[in-house]
Structure formats: C-alpha cells, structure tokens
Amino acid sequence: MSVAGSAAPLRRPLRIGVIATMVTGVLLLLCCTGGTAAFFLSGLGGDAENGDTLAGWGCGPVRPVDIAGELPRFSEYGDAQVRNAAIIIKVGQDLGVPSRGWVIALATAMQESALRNLANSDVPASLALPHEGVGADHDSLGLFQQRPGWGSIAERMTPAYTARKFYEKLVKVRSWQRRPLTVVAQQVQVSAYPDAYAKHEELASKLVDALAGGAARTVEINGKAVCNAAERGEIAASGWTAPIPGDVGSGFRTADRPSHNGVDIGAAKGIEIRAAAAGRVLVAHCDPDKGGRRTCDVDGYPGKGGCGWFVDLLHAGGIITRYCHMVVRPRVAPDQIVPAGEVIGQVGSSGNSSGPHLHFEVHLRGDRSSRGAIDPIPFMRERGAPLRAAE
C-alpha cells in the first residue's frame, strides 16, 4: 500500500501463504442559535514515543510496521499488547489488505482478548505455549479467540497465524470496506455479542495511526492509500467520511456567533448529505421554529429558529452527529441503522437559515445538548474526512 504520490508502493496482491512466525506480543436542540468520547492516550514513561502524539501526526506515506523495533506506549495497553497490535497490522500490510482491514482486525482483537495472546484452562496444551493470560471461553485461543476449526493449538497461539486467518476470512466478506465494523467483524467471528466490537473502533484507529503513519486517515482509491480524502461517499479507514464536500463558512462558536454549536458548509440545494459514520438514527423530523410551528417544507430565514428538517445519528463511543436545514423530509427514520456514506437527506434552507447549506455538529458523551458539542473541523480532520473546499 502506498500514499498517492509516494515513491515506494507497499501494496501487494493478497496472498495466502505461510508468514514467518512473529514476536508475541466507542434533550436540547440549539441549532444555529444561541458515549465514550474520543479516546485520550498517554505515555507510560520510558523512551518510547507517546502514542497520542503519534496518532495526531499528519498522514502518509503509510509506513511499514517494525515489530522488532521500539513501539509507542498507550495507557490502555501494556508493551506486549501494543506489540501484538503491531503484529496484526504488519500481517495486514504483508497481505496487501487495505488499512480499513487493520482497524477492523484490531477492534476485533481488542474485544476478544484485549490484545493478549490467551491460553485456555480447558485446553491444557495451550498453557505450555507462550501466552499473556488464561481464558476459559469454550476451547478458544489466542488474540482472536479462535476455535479448533481455525487451526491447531500451536497455530492459534501464534499471533501472526491468527491474524492471517482473520484477514483471509475478512476479505471474503462482501463490500467489507464500506460496511459497519460490527457487521464485518461479526461475519468473520460469529460472536455472541456482535455489537461489542464497535466501541473499540476509535482506539483501534488511533493505534493504526500511531503505528503506521496515520494510516487510519487514508482511503483506498485506485489501489492507493490516499490521505484526508474521505468525501463523496469514500470511507476512510477510521470509518468516517465528510457529509458533503464544500466550503466551511460560519465556524464553531465564533466571536460573532458564540452559540453556533457547529459549522455551516455551503452547498447547492438538493446536494446529497451522507452519514459521516455508521450509526443509529436518533431523530429525523422537522424541528419546530421559535413559534412552535413545524413549517420545514418552505425555505426558512434568519431568526426563524430551529434546524428545519434534520437528523441526529448516534455512533460508536457515544458520538453524535447532527445534520440540519434539509430541503425535504430526511430519507431515514428513527432507530434505523445506517452505514457510513449512506445518503440520509438533501441540502436545503429550512429552519433558521439564510440560504442553502448544511449545518453540521459533532457531540460527545451521547449529549445532544450544547454541552456535548465540539468543533467538527479538528474532529473530522483527525479521522481523514476533513471539512474542506470541494475540488
């Protein structure tokens, strides 16, 4: 895999061969007026670089993971667990799996084993092999808690082998790069708790960024990993995409609009609005104006009040995104599950609006009120889906 324009492509066709054994190792509307949040990582001391610092670096070119070298440290995981994460990513790189697959694989292993190579008290032979903990889930072993059908005891206790087996099945899942992480992971793992994978997506993306040069901020375009280009339905490895392409006009809580809890993205009436990430629809209706009227089928005006036709989506980790001023009723309904990039409505000027645009908000901790709102610009940039001018 390579970043567009880089000199040394790393991507190779997927091969199913023997990989040398490696080291072990997720109610108050204040529009246009006045879960678990993103993970914060900290170093554990020593000379290794801080994982949070690396995860915040710019993107590309995607760098090969050196599992034998010094790795960044994260407060959530110990050194052996981070090295296991590096092994999982390295196997994906060697197989030519796009970086979205690395995020899915990490999130899966985080849920299954907390990135520990687990033996099993019900499989005595596993206890004699190198391991980092002991589980007791049926006869499951290793990072991905694989059962006997995945391989021998020794194979399932080898991190590189288990990662390879996971990827081999992953790439056979139809449209896996565009589908929600939970759906894809479940088709590979057949877990009793499929929704549990989603809560690890944010931290998995940060690990991929820190270990592989911002790779979670890339999107696969024509066989290349392109940085910060997730828009028009393209999904970054982080699982995010810009809701529309366009110029950001009025910003977040500016001096002249301190109660503006999102950003306004200019676009022509009728432009399709896409879900910024996979999620569940919380709200999809006409927001009453200051007079309590639900008059969203006509253009609004400054001072009218309300979001017009709007949608709130709940994403993994308690993140909420809001999309206001749609021209007609949204295309989605409450409790509907939508994948990243799905069209949920069209740009309009309903509600408190001076012209066609999308008012876009991001909220943390499942808080739909102004208290939960954060600036969408750095949030989306860190996920490889920047809000920027259309090309």
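So, here is what we can say about the structure in this document.

Rules used throughout
Residues numbered from 1 in each chain as written. Predicted model: local features only at pLDDT ≥ 70, side-chain atom pairs only at ≥ 80, totals over all residues. Heavy atoms only, no water. Helix = DSSP H or I, 4+ residues; strand = E, 2+ residues; numbered from the N terminus. Buried < 20%, exposed > 50% of the residue type's maximum accessible area, 1.4 Å probe, protein only. Areas by Shrake-Rupley, 256 points an atom, 1.4 Å probe, with all protein chains shown as cover. Disulfide = S-S within 2.5 Å. Expected span 1.5 Å × (residues − 1). Salt bridge = Lys/Arg side-chain N within 4 Å of Asp/Glu carboxyl O. Core = buried A, V, L, I, M, F, W, Y, C linked by side-chain atoms within 4.5 Å. Contact = heavy atoms within 4.5 Å. 1 Å grid on protein atoms, 1.4 Å probe; cavity = no way out; pocket = protein on both sides within 12 Å on 5 of 7 lines; lining within 4 Å. Points joined across faces, edges and corners; volume = space filled by probe spheres on them. Nonpolar A, V, L, I, M, F, W, Y, C, P; charged D, E, K, R; others polar. Phe/Tyr/Trp six-rings, centres within 6.5 Å; stacked < 30°, edge-to-face > 60°. Lys NZ or Arg CZ within 6 Å of the ring centre and 35° of its normal.

Let us now look at the overall build of the protein chain. Scanning the protein chain from terminus to terminus reveals 9 helices and 13 strands. Per-residue burial over the protein chain gives 56% buried out of 391 residues. Taken as a whole, the protein chain presents about 15300 Å² of accessible surface, with 53% of it coming from carbon and sulfur.

A few words on the state of the cysteines. According to the stated counting rule, one finds 2 disulfides in the structure shown. A disulfide bridge connects Cys286 with Cys296, and the sulfur atoms are separated by 1.9 Å. When the S-S torsion is 80°, as for the bridge of Cys286 with Cys296, the disulfide is right-handed. Of this pair, Cys286 sits in strand β7 (residues 279–286) while Cys296 sits in the loop between β7 and β8 (309–315), and the two are 10 residues apart along the sequence. For Cys286, a relative accessible area of 7% puts it in the buried group. Shown here is the disulfide that connects Cys307 with Cys324, its sulfur atoms set 2.2 Å apart. On the sign convention where negative is left-handed, the bridge of Cys307 and Cys324, at about 55° about the S-S bond, is right-handed. Linking Cys307 in the loop between β7 and β8 with Cys324 in strand β9 (residues 319–326), this pair joins segments that are 17 residues apart in sequence. Of the residues examined, Cys307 reaches a relative accessible area of 0% and is grouped as buried. Residue classification places Cys324 among the buried positions, given a relative accessible area of 1%.

Further remarks concern helix α2 (residues 79–95). In a regular helix each residue adds 1.5 Å, so 17 residues correspond to 24 Å; α2 covers 24 Å between its end C-alpha atoms and thus fits that length. Within α2, 14 of the 17 residues are buried, which leaves the element mostly enclosed by the surrounding structure.

Quick look at unusual backbone geometry now. In this structure, Asn222 takes a positive phi of about 50° despite not being glycine. Tracing the backbone shows Asn222 in the loop between β3 (218–221) and β4 (224–227). With a phi close to 75°, His325 is a non-glycine residue in the positive phi region. Following the sequence through the fold, His325 ends up in strand β9.

A few words on the pattern of salt bridges. Within the structure shown, the criterion is met by 20 salt bridges. For Arg232, the salt bridge is made with Glu231, and the minimal N-O distance between the two is 2.8 Å. We classify Glu231 as buried; its relative accessible area is 5%. The residue Glu272 makes a salt bridge to Arg331 at a minimum N-O spacing of 3.8 Å. Remark: Arg331 occurs in the loop between β9 and β10 (337–338) and Glu272 occurs in strand β6 (residues 272–274); sequence separation between them is 59 residues. Accessibility expressed as a relative area gives 45% for Arg331, which makes it partly exposed. Each of the salt bridges in this network shares a partner with another, and the network as a whole consists of Asp312, Arg322, Glu361 and Arg368.

This part takes up the nonpolar core. Core analysis: the biggest nonpolar cluster contains 50 residues, and Ile88, Trp102, Leu106, Leu115, Tyr167 and Leu170 have the highest contact counts within it. For this core, the secondary structure elements donating two or more residues are α2, α3 (99–113), α6 (159–170), α7 (181–189) and α8 (201–211). Ignoring anything within four residues of it in the chain, the contact list for Leu170 reads Val97, Gly101, Ile104, Trp176, Val184 and Val188. Grouped together as the second largest cluster of nonpolar side chains are 36 residues, Ala275, Ile319, Met326 and Val338 included.

The gaps left among the atoms become clear once a water-sized probe is rolled over them. Counted as a void, the second largest pocket has a volume near 400 Å³. If you go around the second largest pocket, you meet 16 residues; those closest to its centre are Glu112, Asp137, Gln145, Val190 and Ser191. Per-class residue counts for the lining of the second largest pocket are 6 nonpolar, 7 polar and 3 charged.

This part is about empty space enclosed by the protein. Empty space within the largest cavity amounts to approximately 40 Å³. When residues of the lining of the largest cavity are traced back to their parent elements, those giving at least two are α3 and β3. Residues of the lining of the largest cavity, tallied by class, amount to 5 nonpolar, 3 polar and 2 charged.

Counting through the fold element by element, Asp122 comes out in the loop between β1 (119–120) and α4 (124–127). Relative accessible area serves as the criterion here: at 53%, Asp122 is assigned to the exposed category. C-alpha of Asp122 to C-alpha of Asp139: the two residues are 17 residues apart in sequence and 6.3 Å apart in space. Among all residues touching Asp122, those that are not within four sequence positions of it are Ala136 and His138.

With that settled, consider the packing of aromatic side chains. All told, the structure shown has 4 aromatic pairs when counted by the stated rule. Ring plane angle 55° and centroid distance 5.4 Å describe the contact between Tyr323 and Phe360, whose orientation is recorded as tilted. In this pair, Tyr323 sits in strand β9 while Phe360 sits in strand β12 (residues 357–363), placing the two residues 37 residues apart along the sequence. Of the aromatic side chains, those joined through ring pairs into one cluster are Phe144, Phe166 and Tyr167. A cation sits over an aromatic face here: Arg383 above Trp240, 6.0 Å from the ring centre.

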